[in-house]
Amino acid sequence: MKVNRRDFLKLTGAVGVGSVLNPLWHKKASAGSIKKDVLTTYQAGEWIPSCCHMCGGTTGILAQVVEGRVVRIKPNSHNPVGFSNISGDFFENGQKEGAVMCPKGNAGVMALYDPERIRKPLKRTNPQKGIGVDPQFKEITWEEAYTEIVARLKTLRDQSEAHKLLWFSEDHCFTHIQSDFCDLFGTPNYSMHSNLCDTARKAGFKMLMGIDRPVPDALNSKYIFLWGWNPLSATKWAHLPRIFTRALENGAKFVVVDPHFSYTASKATEWVPIRPATDGAFALALGHVIIQEDLHDKKFIEQWTVGFEKYKDYVKDKTPEWAEKITTVPAKTIRRIAREFATTKPAVLDIWSGTHSTNGVYGIWAVGALAALTGQVDQPGTLMIPTKKGNSHQHLHTEKSKYPRFDGGKEKWPYFHKSGVYVEMINRLVDGKGPYQPKMAVIVFQNMMLSIPGTRNVEQALKNLEFVVCVDTMMSETAQMADIVIPGTTYLERYDLNTHWVTWPVVGLRQPVVKPLFGQPAEYEFVVELGRRLGLKETNGNDFFWKGVMSEESIEDKTSWYEEFLSKELKNGEPKITLEELKKLPGATWVSQEGTKHEKYKEKGFSTPSQKMQFYASEHEGKKDAYGAEVFPLPVYIPREWQPSNEYPLFLINWKEASQTHSRSQNNKYLAEIKSTDTLRINTKTAVKLGIKNGDKIWIESPHGKIQGVAELTEGIHPEVVGTQHGWGHWALGEVAKGRGFHTGFLLPSKADGLSGQALHKEICVRVYKV
């Protein structure tokens, strides 16, 4: 089959490379027939609106389905996630300019049709478990899978050990029904992905302003100040590259603080390389200059903050010269940026997952405090408080478990998040020092072996469980540790409701655009079936998994039951519509017409104990964190615990990019064409001292382990730092993923921040040398 370059470019321009390369389309055909077939198909079939889930960004999409096959995916301009987080911009320009999506979204077709997807339930026949151990899986029937899983679950309940079930899931997919199952079953141990992502950020902003996820109005800003975030490449939400670059086009200054010269830094006005985990010291020095030079917003501080005098006293000696020694950022740069940020209006700052370190929460609070200091909050072009109203999770009549969460929960972690504390559970499974010893885990769409720090520790924790069920589309490293593997669905085969992260209420529908390819139930149907077979009921006797949630009649079909479940959430939530009504809306997206609102704190104050932004949190007085350390009432700077030494002199960091999602997309052939592996980036001057050249095979070693990589020399990383993209180094997942890059999880312990329980992926020190 031959297609010349001109024909290929014409075809990909018309329908997208994913459509041309779709392995289900053509067997043997001439170039001419392919061209005719593709262009005919371009106008064929139907376009079904849904929401992406190649990552957690939930971008609105349209899937073109021809003869029961998805042949193309494009952005859905009726959903603001792919365009803007500000309503005025979306209402005025959204349809004119059209939405966008990232490479991962474009590669969704390959995730659906990956030839290595799990197709049938699998049962382990080798009792031995571990990295490199063949599970010797055999295919079993669905009835056999349900029978064994339900028998295990029933035994736990019958022996009053329901609390010994651990349940882990992704955090953007059917979380409500999984949480409901756990409540009805009797386990307090439902956990989800957020703990591995941004709970430290959530805690820092909760201390400051009472909400855990403010969002930036970059589009309308004149000064953008980002810390440890790569939104133009990691694209948490698809609108981010547009709003930041549009602000640049409109004349905004864009400053990025990051040890690594990320793609975002490359587009910024200024890159400020900083020593890892010293953001807090930098922020306090900025605060020192702003106050010393009388650049703070006195009116806002007086009306809407508490603790300013205590903060002012604390930063009195936090001079730029003091911070320079800690951060390596020159004192003159600190002074200049402080003046620019404080005098340019409107200005916005934000900080994300660059703070996965033991001092990260205080660092986030210190950075956020600069917004309070300058009054740059919830106004156009500043840090916004989103109005997050969508579908409503229904109340169930259940008895709260008399047992504590296995990770200690809110009693142990002052800023505990409902997503749990993964590393604490891992450590307690290994050392046996928890309040009890769990026996069983259900893991849904989570590759814990690669996503939790301390891979060898995770391996041992999973081995210590009596029975593990893994639900996934691929044979991940975690699935290889399971006793039963259940074939999952992709986002193109199932339902979800998405309350989108924009500044005003929006709910987008994820719906099946094709039926599950292998006849497997969607994950929520799997959960419902378990609930039915176990006979789980509410305390008022309601047969929850059988009775219709909007009617009293019994609903046997699990898909119809779940559709009613979603309808009730919509009716009880902000939209006040049914699922069928949502499907009929343009782009299957409900968009509130109330739009973005500003200065909402003037109505009810902030959601802190003081109802104001807090430079000082009096509720911290006398409290201890999970490890017994004092919880400080001010955004203090404390050096992170693990510091470089003579033996391990380099900081090791990692980051995200648009080419992959965490550790779950590396088997996608389309994405592998963008980037098929990763290297260890080393500053050129540092490499010269180490005798390392570009492309050399190298050892990367810490006190916890040793891995092999390839050196990439660059000026775009701090001289004391080496780094890599997170997610590589698979020994499973599929033939495309295996053996590419390296996995840094072998190099660090399983540790959490003592305030929020955030898993600490980036507190690592290493030495690097040639193989």
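The paragraphs below set out a description of the structure included in this document.

It is worth spelling out the overall build of the protein chain at this point. When you go through the protein chain residue by residue, the secondary structure sums to 27 helices and 27 strands. Relative to the compact-globule value of 28 Å for 771 residues, the protein chain shows a C-alpha radius of gyration of 26 Å, a close match. Once the C-alpha set of the protein chain is aligned to its principal axes, its extents read approximately 70 × 70 × 60 Å. Residues classed as buried in the protein chain amount to 63% of the 771 residues present. Counting contacts in the protein chain only where the partners sit at least 6 residues apart, residues at least 24 apart contribute 73% of the total. Summed over all atoms, the accessible surface of the protein chain reaches about 28,700 Å², with 49% contributed by carbon and sulfur.

This paragraph deals with helix H8 (residues 175–185). Among the eleven residues of H8, nine are classified as buried, and the element is accordingly described as predominantly covered. Every buried residue belonging to H8 is among Thr175, Ile177, Gln178, Ser179, Asp180, Phe181, Cys182, Leu184 and Phe185, and all of these are buried. Buried residues belonging to H8 abut helix H7 (142–158), strand S6 (165–169), strand S7 (190–192), strand S15 (440–444), helix H22 (523–534) and helix H23 (558–572). Looking one or two residues past H8, glycine 186 carries a phi angle of roughly 115°, positive in sign.

What follows is about the pattern of salt bridges. Within the structure shown, the criterion is met by 51 salt bridges. Residue lysine 129 is joined to aspartate 483 by a salt bridge in which the shortest nitrogen-to-oxygen separation is 2.8 Å. Here lysine 129 is found in the loop between strand S4 (122–123) and strand S5 (138–139), whereas its partner aspartate 483 is found in the loop between strand S16 (467–472) and strand S17 (484–487), with 354 residues between them in sequence. On the basis of relative accessible area, lysine 129 is assigned to the buried category, the value being 11%.

Applying the stated criterion across every chain, the model contains five cavities of 30 Å³ or more. Computed from the structure, the second largest cavity encloses a volume of approximately 100 Å³. Along the wall of the second largest cavity there are 14 residues; nearest its centre are Cys52, Cys55, Thr59, Cys102 and Ala238. Residues of the lining of the second largest cavity, tallied by class, amount to seven nonpolar, five polar and two charged.

A separate point is the sheet that holds strand S1 (residues 46–51). Within the open sheet, the three strands sit side by side as S1-S2-S3. Their pairing is antiparallel. Looking at which strands have only one partner, the edges of the open sheet turn out to be S1 and strand S3 (69–75). Neighbour-to-neighbour, the strand axes of this sheet turn through a mean angle of 30°, independent of strand direction. Two strands pair when backbone bridges link them, and S1 and strand S2 (residues 60–66) are joined in this way by six bridges, in the antiparallel orientation. Pairing of proline 49 across the sheet is with leucine 62, part of S2.

On the secondary structure map, serine 750 appears in the loop between strand S26 (721–725) and strand S27 (764–770). Within the structure, the side chain of serine 750 is placed 2.7 Å from the backbone oxygen of proline 453, a separation counted as a polar contact. Only 3.3 Å separates the side chain of serine 750 from the side chain of asparagine 457, close enough to count as a polar contact. Residues within four places of serine 750 in sequence aside, it is in contact with Val423, Ile426, Asn427, Pro453, Gly454 and Asn457.

Burial along S17 is two-sided: Ile484 and Ile486 and Val485 and Pro487, pointing in opposite directions, are all buried. Looking at chain direction, S4 and S17 are connected through two bridges and run antiparallel. The residue of S17 that forms the bridge with leucine 122 is valine 485. Bridging between S16 and S17 involves four bridges; their strand directions are parallel. Pairing of cysteine 470 across the sheet is with valine 485, part of S17.

Moving on, we come to the packing of aromatic side chains. This model, assessed by the stated rule, comprises 41 aromatic pairs. Measuring from centroid to centroid gives 3.9 Å for tyrosine 524 and tyrosine 562, while their planes differ by 5°, and the two rings are stacked. Of the two residues, tyrosine 524 is situated in helix H22 and tyrosine 562 in helix H23; the sequence distance between them amounts to 38 residues. The exposure class assigned to tyrosine 524 is buried, which follows from its relative accessible area of 2%. The exposure class of tyrosine 562 is buried, given its relative accessible area of 2%. Ring centres 5.7 Å apart and planes at 40° place the aromatic pair tryptophan 731 and phenylalanine 746 in the tilted group. Residue tryptophan 731 is located in the loop between S26 and S27, and its partner phenylalanine 746 is located in the loop between S26 and S27; the two are separated by 15 residues in the primary sequence. Judged by its relative accessible area of 18%, phenylalanine 746 is buried. It is lysine 310 that lies over the ring of tyrosine 616; its NZ or CZ is 4.6 Å from the centre. Here the basic side chain of lysine 318 rests over the ring of tryptophan 322, its NZ or CZ set 5.7 Å away from the ring centre.

Moving on: the packing of helix H12 (residues 279–292) against helix H17 (residues 360–374). Any two packed helices are characterised by how steeply their axes cross, that is the angle between the axes, and by the distance between the axes. Between H12 and H17, whose axes approach to 7 Å, the crossing angle comes to 20°. In this view, H12 runs roughly parallel relative to H17, as classed from their interaxial angle. For the element pair H12 and H17, the recorded crossing hand is left-handed. Of the residues in H17, those in contact with Asp279, Gly280, Ala283, Leu284, Leu286, Gly287, Ile290 and Ile291 of H12 are Gly363, Ala366, Val367, Leu370, Leu373 and Thr374. When its residues are assigned to classes, the contact of H12 with H17 shows nine nonpolar, four polar and one charged.

The subject of this paragraph is the layout of surface pockets. A volume near 510 Å³ is recorded for the second largest pocket. In terms of lining, the second largest pocket is formed by 19 residues, of which the most central are Ile385, Pro386, Thr387, Lys600 and Ser607. Looking at the lining of the second largest pocket element by element, the count peaks at three residues for helix H25 (residues 601–604). Its residues placed into classes, the lining of the second largest pocket shows seven nonpolar, three polar and nine charged.

So, how was this worked out
- Residues numbered from 1 in each chain as written.
- Predicted model: local features only at pLDDT ≥ 70, side-chain atom pairs only at ≥ 80, totals over all residues.
- Heavy atoms only, no water.
- Helix = DSSP H or I, 4+ residues; strand = E, 2+ residues; numbered from the N terminus.
- Rg over C-alpha atoms; globule rule 2.2 N^0.38 Å.
- Buried < 20%, exposed > 50% of the residue type's maximum accessible area, 1.4 Å probe, protein only.
- Contact = heavy atoms within 4.5 Å.
- Areas by Shrake-Rupley, 256 points an atom, 1.4 Å probe, with all protein chains shown as cover.
- Salt bridge = Lys/Arg side-chain N within 4 Å of Asp/Glu carboxyl O.
- 1 Å grid on protein atoms, 1.4 Å probe; cavity = no way out; pocket = protein on both sides within 12 Å on 5 of 7 lines; lining within 4 Å.
- Points joined across faces, edges and corners; volume = space filled by probe spheres on them.
- Nonpolar A, V, L, I, M, F, W, Y, C, P; charged D, E, K, R; others polar.
- Pairing = 2+ DSSP bridges.
- Axes fitted to C-alpha atoms, helices over the stretch in contact; angles between N-to-C directions.
- Polar contact = N/O pair within 3.5 Å; in protein donor to acceptor, adjacent residues only side chain to side chain.
- Phe/Tyr/Trp six-rings, centres within 6.5 Å; stacked < 30°, edge-to-face > 60°.
- Lys NZ or Arg CZ within 6 Å of the ring centre and 35° of its normal.
- Parallel < 35°, antiparallel > 145°, perpendicular 65-115°, else oblique.
- Left-handed = near helix turned anticlockwise from the far one by under 90°.

Any functional reading would require information that these geometric values do not contain.
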